[in-house]
Amino acid sequence: MSLKQSRGLGGNLDARPLLGNASLLPGEALNEDPEDRIALDEDTENEGDMSDENSENEAGDEDALDDPAFRSKGKKDLGLLVSAAMFSNLGKRRDRARPRNLKYKSLGIFSGDNPIRRLCHWWVTSTHYTLIMLVVVLINSLALAWADPTKEDAEVNRNLYWLNFVCTVIYLVEAAAKIIAYGLVLHEGAYLRKFWNHVDTFVMITGILELVYPNGGIATAVTRGFRAFRPIRLIRFIRPVKRLATAIMKAGPYILNVGLLLLVFYLIFGLAGVETFGDFFRFHCVNPNDPTAPIEEDTCAAPRPQFGGPGNVSLPTLPDWMGGRTCPPNYECQFTNSNPSHNGTSFDTFPRAVLTIFQCVTLEGWTPVSYWAMNSTGDFSVIYFILLPLLGAFFFMNLFLGAIQAVYTTIPKHSTDISRRETEPVTKHPVVRKSKEIMARIAAILKRPEPGTSAFEDSFYLSKAHAVKTKVVDTRGWYWLQITTTLVFIAIMASYHDDMAPGFEQFLHIADIILSAVFSIELLVELFALGLYDFFKSIPNYIDIIVVVFSWGALFSGDGGWVVLRVLRIIRLARLSGTWKRLHKLAQVVTGSAANLLWTLMLMIIVLYMFTILGMEVFGGRMNFPEGLPRYNFDTFYSALVSVFSILGVENWHQNTLYNCIRALDSAWAALFPVSILVIPNYIILNLFLSVFLDEFKEIAEAERQDMQQKMEEAIELPTPASSAADAAAMVSVGVSDAATEEGIQLTAMGSRAVSQVLDSMGLEAKEEMIEEVQHKKRKRYKLYGKSFFIFDASSPIRTLLADFITHISMRVIITTIIIINCVQLAFEKSPAITNSNPAAWFAAFRYLDIIFVTFYSLEALIKLIASGVFMHPGSYFRVPWHILEFSTLIAYIAVVSLGTSCPEWVVAFLALIPLRLLSRFKRTRLILATLSRAIPALQSVLPVALFVWTIFAIFGVHLFGSRMGSCTDESIVYRKDCIGFYNVTDSDTGEITDIKLREWKHPDNNFNNVIQALFSIFKMSTGEGWPETMNNAMDITDVNKRPERDASARNAIYFMAFVPLCLWFVLGLVVGTVIDAFDEIRSSAVEIDRGQTGSEDNEDIDPEFIGLNQSHKVDLLLTQQQRRWVQLQQVMVATSARVDAPAPEGNRIRMFLYNLITRKAFDYVSLLIVAGNCILLAFNTNIPTVEMYWIQYWGDRVFTALYVIELVIRFLALGLHFFNDGWNIFDLTTTVFSIVGWFISIYSQELASLIRIFKVLRVLKMTKLTKRQRVMFKTIVLSIPTMFNAILVFVVLLFSFTVIGTHLFGHLTPARELTGRANFKSFGDALYLAYRMSTGENWDTIMHDVMNQTSGWASIYFIIFTILVTFLMANLFVAIVLDNFSFVTSIEEGD
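Let me begin by describing the structure that accompanies this report. (Residues numbered from 1 in each chain as written. Predicted model: local features only at pLDDT ≥ 70, side-chain atom pairs only at ≥ 80, totals over all residues. Heavy atoms only, no water.)

**Re the overall build of the protein**
Here comes step 1: Helix and strand counts for the protein stand at 54 helices and 8 strands.
Here comes step 2: Residues classed as buried in the protein amount to 53% of the 1392 residues present.
Here comes step 3: Across the protein, the fraction of contacts at a sequence separation of at least 24, relative to all contacts at a separation of at least 6, is 75%.
Here comes step 4: Of the roughly 61600 Å² of accessible surface on the protein, a fraction of 64% belongs to carbon and sulfur atoms. (Helix = DSSP H or I, 4+ residues; strand = E, 2+ residues; numbered from the N terminus. Buried < 20%, exposed > 50% of the residue type's maximum accessible area, 1.4 Å probe, protein only. Contact = heavy atoms within 4.5 Å. Areas by Shrake-Rupley, 256 points an atom, 1.4 Å probe, with all protein chains shown as cover.)

Structure, rendered in structure tokens:
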């Protein structure tokens, strides 16, 4: 088998699935570099102590799983492969010879010849031991699900106590046998020298402690909490899962350093939040005449504390211009003892602020927090909450994916020089051998004779069957007949819904009978043509059998449950993947990663089970709140599983579990439970899930690249690699020079890896010379072609004059200025502050501006049309996409000016495309858009797969839930037939009648009334929004036209437990992988983006809109030339680890002493220790501290500032003027100056002093120098800055355009559920913030339904396009940027 070896974190990857890798044997692991492993884990436990010969035999048994012959039959023998991989310890031949590791004395007593030790060793290495321990661990783990946490003395708990006693005794016997067999710790292969034995010991000790403390109390609660770790022992019995767990543990250092970097992020934003918001979330509107009235959750304009020391605080009113919320009449804004969300959301202290920030970074519930902050502290706090999700969620959290992927790609693979046993036949493995023998006997009976043999020629039946096979079954007509019948079948299945007309129901019944007959005939024909053996080799045929059986079963029994499973026939549509290239590639990704995804999912299930048991032990029976038991509780295993799964899905996790956990234990430390679920299963294991996809995409892309390179090698003659650094620099210079196109193409053919190798061979000076060479490239001048309007030829003085005029730098500045002014007008023409003051005057002013803009744009378009021509020749006006956009907006603008107030709003909204013209004026944004336009077609291949999965779940949902989610607006009505007339609406507090409304039977926004509604609901839920509420509604359904009741159908949550992995994770993984693959493809190849056939982007004096774009980018299409040179320089510096140290001062003993001091590592560690101490002090900061804490903070700040000053003085005396050559020294000087200035300003203004203290917090960035991996993270951030800046510019302009459209289309809407005083389309500012909110996915579906309820269903198009372009595409662009730079920096650092 041909294997590609890993070349570091960014290199080629092993193409074999992890399933094969999981079967690596310890004998092979012993040949690996010890640093590439965590330790010799349990892979070597049972085999590592064997003789060399026996180990080799066993290795052959397991490595046979990787035999090419066996892997090529993966589809047929998948069951055998899975069972062999999972239980590869079973059925092994054990050597009775003396094991090599028994030469040491165990415990200093038992020698290798001791019969007791030989007996123990035989037992722990036998098949029976593995099987017995697997059963014991399974029983011990699964039994925990039956515990009753609400009743301490329940009988089931007593039974579990005795079961734990028995299992603990078995574990003790197992540990004793292993210790006697292997020894305890002193020699190689001893018990405590293996990681998984540590896990076993921990489980055993916690089991003993549970037996010691059986009678309740804190000790019992703690020891029972450790029950949750018992299922972790299952991992060691499933080798692929163990390999994944090992990969995660190897990623531990990177994950830890990501956590440390996030700690810096939380320190900065947490301390800034405490300084800015503090206790202001405790200010609420209170009725002073009714102290018993409930306090509303919303905050109000908090009075500002003034400096006067502790106990001398005045509270003036917040100025009106800051935009705080004022209380309604008869209410006052007062300080209370409660924060929003049951005290779960606040910035009172640093730990509380970190929890609130973490919630915001998960992009759940962050907008209410921002609104509370704006209501209490003013509108300027919006800046804080714009940066928080942008940096935290879109950037820093993606480092988790980078760390997991970097380590996943380096999981130890087989090497061709040590894997000679890979070619041994698979039959050496006992399990597989026995199964093969049975299958061979069956095949011998069922397999037909081959054509041409005597047995075949003598059989009339076989000849006819062969004729049917060749003339019918193997034809394209039969293939398309099956596809057509499947599509008709899907249409029939999709037509089912509740309350069908009798005639339509009868039609569907007849169609069912016809289709069932057609499927049966197809089945019989294929069975006749292929025979039993060949028929059952195809997996789709099994699906056909299931469909036929269930089709006839549903017809005869009338049970709808039979009908649902028939939808599995849709799997046949997977055959279409062979007719579409992009879809075929996606099918390769899915099939190639299927095994790894299953093992990852199994690891996820084990971890979720552990957290479920832990939740039952910690929170079971403790959530009996005054308002009742919440839906998401931990009183039973099923409810606990649903609760844990809802946290894993992230959506509304703070409302469903976080606040209830804090209330249950009355402690903020309870938040560690849901936070741990988000960090471990979500940010770690789910990112491992995504890494599987990305790894497979890279494997396929690498294979395609190698195939393409091989074809190019056959077509052209490649240049010989340079033999020296100077030759390499010359070759690279030639390759990137515009003056040598052919040589550049040849260099491109070498691929980006070859260029990278050349760069690595160059010195720093050569690289800088190469960059300078690129910087001074020649400029090209565009040419005019053809006759414009069939009158003006290329040499016409009028045409050349107009071309020079429109492309002159001054004209470009004027055009850009006009567009910016027009954008400002679009932003403010709907602002209530302007239009409400004097509508007539403002309308007239905007009218005159519109006329000016239309006139200017018309003249611009006319000049370009004359200068470049219309369409007929290269470089024509309508051959440039930007010009088409420009002309379209001009036509819309003319319509707006002509029709005036009678112009439809959708035409006015079309003017929102004008800001996109700004993107075309700047190269950095134009390149981003060009890259996105290339990536959008790649998403087309994901759409069929997504529709494939969505349709299955939609049809299932219609048959399972149907119209059963509806209810009457009058909650007292049970049945739909009674939901008529009017009802009284009463106040919940006073009981008074406040309104009279008409009874209506309504369905929730996400429903399954029919397949169209179901598909729409599934699309919304696939974005991660609204699925918990839909799951709640599904769990409450009772019957058609009957009011739901809580948990009446709780089992329906299983549907959503399958929905989340398949529709959220699976489809999301395909989207992320496809977009990143498209970006990598564009970036790694020399791509020519041509918008006009003439001109060059490098010519700064030529209008890029007029001449298009025509240049090959070798580094990154997302960067301009200046940014690209900067990134190249940074990469060279990272690759060479270039650092210019200041010269040692000679002739001055004091300076020399100080120089030697600061160049020691110990000095840096002391400096970082001081920073850490300062951070700890700042973490205890509160907005209104006690007297003691005030003085501790006061003097502590001065002490640390004095230490910083001393450090700076030492460094300056030692380095002299070279002090300013180090960026970190300048950074330290700046923060120290801010600290000193803050002392003096605090005397006059505490508010300004608080602002300066926020800048002091930035000092914690020095902690990024702590470790090598911290430097990797920091360098990743630095290298990502230019590209992220460009992407953010496009992101902002897209938000601007959608905001303008929203203000024109939806500005008249009234408040609804999510359309509030701050979240609306009435003003540009509120609409822009609402668009930013929707880009994070925060309740975008509810906002869409609020808009649709007041307009029409067509409004959904706006939100769907917004979600696809902004939420999906732009968010994944950020992911691609982070992953690319993380991979580069990591590969360089690891290679040092």
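**A closer look at the packing of aromatic side chains**
Aromatic rings in a pair are described by how distant their centres are and how their planes are angled relative to each other.
Here comes step 1: Following the criterion strictly, the structure yields 69 aromatic pairs and no others.
Here comes step 2: Ring centres of Tyr371 and Tyr1329 lie 6.0 Å apart, and the angle between their planes is 70 degrees; on these two criteria the pair is classed as edge-to-face. With a gap of 958 residues between them, Tyr371 in helix α15 (residues 366-377) and Tyr1329 in helix α52 (residues 1324-1335) connect regions that are remote in the sequence. Comparing Tyr371 with Tyr1329 shows no difference in burial state: the two are buried.
Here comes step 3: An aromatic cluster of three or more residues is present, and its members are Phe265, Tyr266, Phe269, Phe277, Phe281, Phe347, Tyr384, Phe385, Phe395 and Phe396.
Here comes step 4: Above the face of the Tyr182 ring, Lys194 is positioned so that its terminal group lies 4.2 Å from the ring centre.
Here comes step 5: The ring of Phe1016 carries the charged tip of Lys1020 above its face, separated from the ring centre by 4.5 Å. (Phe/Tyr/Trp six-rings, centres within 6.5 Å; stacked < 30°, edge-to-face > 60°. Lys NZ or Arg CZ within 6 Å of the ring centre and 35° of its normal.)

**Remarks on the pairing of strand β5 (residues 993-998)**
Here comes step 1: Burial of β5 is sparse: only 0 of the 6 residues sit out of reach of the surface.
Here comes step 2: Relative to β5, strand β4 (residues 982-986) is paired through 5 bridges, and the arrangement is antiparallel. Paired with Phe982 across the strands is Leu998, a residue of β5. (Pairing = 2+ DSSP bridges.)

**Here we look at a nonpolar patch on the surface**
Here comes step 1: Taken together, the side chains of Val1209, Phe1212, Leu1213, Leu1217, Phe1220, Ile1226, Leu1229, Val1233 and Val1237 present a nonpolar region at the surface, about 750 Å² in accessible area.
Here comes step 2: Elements that contribute at least two residues to the nonpolar patch include exactly α48 (1187-1215) and α49 (1223-1241).
Here comes step 3: A total of 4 residues in the nonpolar patch trace back to one element, the largest contributor, which is α49.
Here comes step 4: A relative accessible area of 42% places Val1233 in the partly exposed class. (Patch = residues over 30% accessible without salt bridge, like charges linked within 9 Å, V, L, I, M, F, W, Y side chains within 5 Å. Salt bridge = Lys/Arg side-chain N within 4 Å of Asp/Glu carboxyl O.)

**Brief notes about the side chain of Arg964**
Here comes step 1: Along the chain, the position of Arg964 falls in the loop between α40 (942-960) and β3 (967-968).
Here comes step 2: Residue contacts for Arg964: discarding those within four places in its chain leaves Asp498, His959, Ile1037, Asp1039, Val1040, Lys1042 and Pro1044.

**Some remarks on the state of the cysteines**
Here comes step 1: Evaluation of the coordinates by the stated rule reveals 3 disulfides.
Here comes step 2: What pairs with Cys285 in a disulfide is Cys327, and their sulfur atoms sit 2.1 Å apart. Disulfide Cys285 to Cys327: torsion about the S-S bond roughly -95 degrees, handedness left-handed. Of the two residues, Cys285 is situated in strand β1 (residues 283-286) and Cys327 in the loop between β1 and β2 (332-335); the sequence distance between them amounts to 42 residues.
Here comes step 3: What makes Cys285 buried here is its relative accessible area of 3%.
Here comes step 4: Through a disulfide, Cys300 is tied to Cys333; the S-S separation comes to 1.9 Å. As the torsion about the S-S bond is roughly 85 degrees, the Cys300-Cys333 disulfide counts as right-handed. Here Cys300, found in the loop between β1 and β2, pairs with Cys333, found in strand β2; they are 33 residues apart in sequence, far enough to count as distant.
Here comes step 5: Sequence-ordered numbering of the bonded cysteines in the protein gives a pairing of 1-3, 2-4, 5-6. (Disulfide = S-S within 2.5 Å.)

**Describing the nonpolar core**
Here comes step 1: Judged by nonpolar contacts, the single largest core of 293 residues is most densely connected at Phe385 and Ile1018.
Here comes step 2: Among all residues touching Phe385, those that are not within four sequence positions of it are Phe277, Phe347, Cys360, Trp366, Val369, Ser370, Ala373, Tyr1329 and Tyr1332.
Here comes step 3: If you look at the next biggest cluster of nonpolar residues, it comprises 9 residues, including Phe1163, Leu1208, Ala1214 and Leu1215. (Core = buried A, V, L, I, M, F, W, Y, C linked by side-chain atoms within 4.5 Å.)

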